[in-house]
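Overview (structure and organization)
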Amino acid sequence: MIQILKNKAVFGLLGSTFFQVLGISLFNMILLILAKSSNQPSLWVTIASIASTIPGVLSAVLGKIAGDLTNKARWVILLTFAQSAFFLFLFTVFLSHNPSELGIAIGINLVSDIVGVVIGLLKLPIIQNKVPKELRQQTIGFYDSIGLIMQPIGQAIGLSYIASTGNYILGSFINATTFFISGCILFLSRKNLSYVEPKREASEKSGKGRGFKKALSSLGNITGLPIIRILGALVILNALGASIDGILNLYILEHPQVSPLGFGLTILIINIIFVVGNVLGSVIVHDFLKNTSIQKL
């Protein structure tokens, strides 16, 4: 771990991710409480929950976009500052007391989350180029863990902030500030993040379709299973995983008696439990599942 932290590129990415996830999770909790406090809580909590799943659904398209972008370090910096600008705009919307502010807030948060997925995908090639092969798995696990650990911390801060102040307006400004800090960290680390990207030949660009088929074929060979079965299983797993948060949000909203705690605190505790499992899964890379085949899993 010491070797990982000594890597200036990784240290910059981790620092920016720290503040980025802090802002995202803080505002997600504020947005959920805002939806719950509206005149139609079930409707708006449903819309907010569905919106939170859309970036994951679009991940394949977003991966294509991230892969086609050149000078990935520059784009990571620009997009992070763009996220800050989104929430500064939302701050002005809240100040104007626009009657559609909740819908606008959900829309801006959705766009920011989509941009955040692209940023995360752009960071992976930087790690690949800046970290020795033998440390990449641990680095990515550590990188993922930072985001997972900061998620409940940001949610707890957001919940505490709303419970003590009830000020949604300043919450959007705080979120814009965390993204701005994240962008500044990346900007200061820009020399360590930059690398020379290999030029793709014309034949490589024209053979994208064949490359995709080859990738699917390789996946089938590695797993030892028909590719249709693998893709079908992944679709089902992701569909179930993406729906859990929304179902729990609505269930607790409609059945408050299941928990002696408030809506926000109950959601926070559930998310912490999920995060603990995700962190352990990211950090523990030498567990008993390591040598288990995909078929058995």
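Rules used in this analysis
- Residues numbered from 1 in each chain as written.
- Predicted model: local features only at pLDDT ≥ 70, side-chain atom pairs only at ≥ 80, totals over all residues.
- Heavy atoms only, no water.
- Helix = DSSP H or I, 4+ residues; strand = E, 2+ residues; numbered from the N terminus.
- Buried < 20%, exposed > 50% of the residue type's maximum accessible area, 1.4 Å probe, protein only.
- Contact = heavy atoms within 4.5 Å.
- Phe/Tyr/Trp six-rings, centres within 6.5 Å; stacked < 30°, edge-to-face > 60°.
- Lys NZ or Arg CZ within 6 Å of the ring centre and 35° of its normal.
- pLDDT = per-residue confidence, 0-100.
- Polar contact = N/O pair within 3.5 Å; in protein donor to acceptor, adjacent residues only side chain to side chain.

On to the overall build of the chain. If you tally the helices and strands in the chain, you get 13 helices and 0 strands. Overall, the chain shows an N-to-C arrangement of helices and strands of α-α-α-α-α-α-α-α-α-α-α-α-α. Scored against the burial criterion, the 297 residues of the chain give a buried share of 38%. By sequence separation, contacts in the chain at least 24 residues apart represent 81% of the contacts at least 6 residues apart.

With that out of the way, let us pick up the environment of Thr139. Relative to the elements of secondary structure, Thr139 occurs in helix H7 (residues 133–165). Taking relative accessible area as the criterion, Thr139 reaches 1% and is therefore assigned buried. A sequence separation of 12 residues divides Thr139 from Ile127, and the C-alpha atoms of the two residues are 8.0 Å apart.

Here we come to the side chain of Gln20. Within the secondary structure layout, Gln20 lies in helix H2 (residues 8–36). Classification of Gln20 by relative accessible area gives buried; the value is 7%. In contact with Gln20, other than residues within four places in its own chain, are Gln83, Gly116, Ile119, Lys123, Phe179 and Ser182.

Here the focus is the packing of aromatic side chains. Scanning the entire structure with this criterion turns up 5 aromatic pairs. With a centroid separation of 5.1 Å and an interplanar angle of 75 degrees, the aromatic rings of Phe18 and Phe19 are classed as edge-to-face. For the cation-ring pair, Arg190 lies above Phe187, with the distance from its terminal atom to the ring centre recorded as 4.0 Å.

This brings us to the confidence of the model for the chain. The predicted model of the chain has a mean per-residue pLDDT of 78, with 85% of residues at 70 or higher. At the low end of the mean pLDDT range in the chain sits helix H10 (residues 202–206), at 52; at the high end sits helix H5 (residues 72–95), at 90.

A word on the side chain of Asn109. Summarising the element assignment, Asn109 is placed in helix H6 (residues 101–130). Given the relative accessible area of 7%, Asn109 is considered buried. A distance of 2.8 Å separates polar atoms of two side chains, one belonging to Asn109 and the other to Asn28. Those residues in contact with Asn109 that sit more than four places away from it in its chain are Phe27, Asn28, Leu31 and Phe87.

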